[in-house]
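Architecture and fold: a report
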Amino acid sequence: MEGDAKATGSIRVAESDADLQLFARIRLAASPREWPVPPRREPDRLMLLWRDVGCGLAARSDLADSVTVQIYVDPAARRAGIGRALWDRLTVHARTFGRPFVFCTVDEQSADGVAFAARRGLAEVAREVEARRRISHEAPPAALPGIEVVTIAERPELLEAAWHAVGADGCADIPLPSPLSMTVEDWIEEEATVPDGSFVAIEDGRIVGYAGMLKDEHGLTTVARSHRGRGIATHLKLRQLAWASAAGVPELVSYTQGVNHGMRRVNEKLGYRIQPAWLKMQGPLPAIQPAMRSRRASRSSSESPPSHR
């Protein structure tokens, strides 16, 4: 109990750029396959630090019924109450979203991470397959008969149009434990952040396919339900490989749900190497405990995260 009390008193909100850089370093030390870039600031996201060895965040999940809670503790500092203290603070914030479930992503190789989530009532509900492709000299593919392919950089207005034509259906078809809460506004903000590497397929003036590119990472690849099985997804990914080659990108990463066998086959055919999976774990958001309620009532305002209560 003493360890827990010390951990709770050492928690602070990550606010400055230096804090976010530290958050990224702790996350990478705890989970080496994570992206090394700092997390983004978002209005309703709470990010916490425990000195220089622990961090965590609570944020609105893409799943409509869940709040994302991610916790990272340096391996050398585990089993000292840090993860529990972060969990207690972050789940308090998570209740402000009015959603019943907690959701997190854990590297399947992290026995500590899987066990930590399981002890808090989270269970595996899906697997996300990571696939990587080294880029060499990639030639553009031959044109598909009757299909025009353009980039979002060439025609920015097609990004919103692609949502209505294929994006909304593509998101609905992703096999997840609950529906995505993606909106057209989310799509415009989050997809095609690299416009030169994001492609739209058009047939007779109608958008029939889309493949987005983020920084060194594939976004959504989706094809109109009426046009699947015609090689459009493969063609768009080949276009992206050729773009990456010309742009000097050394490697691309693709994430696919484990049960999405069609897209997995496309990636494997194109030479993507399958990596260990990321486990999607979900469970009920815990009710606030009497002891936690008492600690919150007695905690001074200087110890509470500003503007997140």
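In this text, all values refer to a predicted model and were calculated from it rather than measured experimentally.

**Some thoughts on the overall build of the protein chain**
- Scanning the protein chain from terminus to terminus reveals nine helices and 13 strands.
- Counting all 309 residues of the protein chain, 50% fall into the buried class.
- Total accessible area on the protein chain is roughly 14,900 Å²; 53% of this is exposed by carbon and sulfur atoms.

**Observations concerning the environment of R132**
- Considering the arrangement of structural elements, one finds R132 in strand β6 (residues 123-134).
- Taking the C-alpha atoms as reference, R132 lies 8.9 Å from N267; in sequence the two are 135 residues apart.
- Discounting chain neighbours no more than four positions away, the residues touching R132 are E251, L252, V253, G271, Y272, R273 and Q275.
- In this structure the side chain of R132 is engaged in a polar contact, spanning 2.7 Å, whose partner is the side chain of E130.

**What about the packing of helix α7 (residues 232-247) against helix α8 (residues 261-269)?**
- One can describe the packing of α7 onto α8 by two numbers: an axis separation of 10 Å at closest approach and a directional angle of 45°. As far as their axial angle goes, α8 and α7 are oblique. In this structure, the crossing between α7 and α8 has a hand that is right-handed. Contacts between α7 and α8 involve A233, T234 and K237 from the first element and M263, V266, N267 and K269 from the second.

**Remarks on the environment of P179**
- Within the secondary structure layout, P179 lies in the loop between α5 (158-172) and α6 (184-190).
- A relative accessible area of 59% places P179 in the exposed class.
- Separated by 116 residues in sequence, P179 and L63 have C-alpha atoms that sit 5.8 Å apart.
- With residues near it in sequence (within four places) discarded, P179 still touches D62, L63 and A64.

The rules behind each value
- Residues numbered from 1 in each chain as written.
- Predicted model: local features only at pLDDT ≥ 70, side-chain atom pairs only at ≥ 80, totals over all residues.
- Heavy atoms only, no water.
- Helix = DSSP H or I, 4+ residues; strand = E, 2+ residues; numbered from the N terminus.
- Buried < 20%, exposed > 50% of the residue type's maximum accessible area, 1.4 Å probe, protein only.
- Areas by Shrake-Rupley, 256 points an atom, 1.4 Å probe, with all protein chains shown as cover.
- Contact = heavy atoms within 4.5 Å.
- Polar contact = N/O pair within 3.5 Å; in protein donor to acceptor, adjacent residues only side chain to side chain.
- Axes fitted to C-alpha atoms, helices over the stretch in contact; angles between N-to-C directions.
- Parallel < 35°, antiparallel > 145°, perpendicular 65-115°, else oblique.
- Left-handed = near helix turned anticlockwise from the far one by under 90°.

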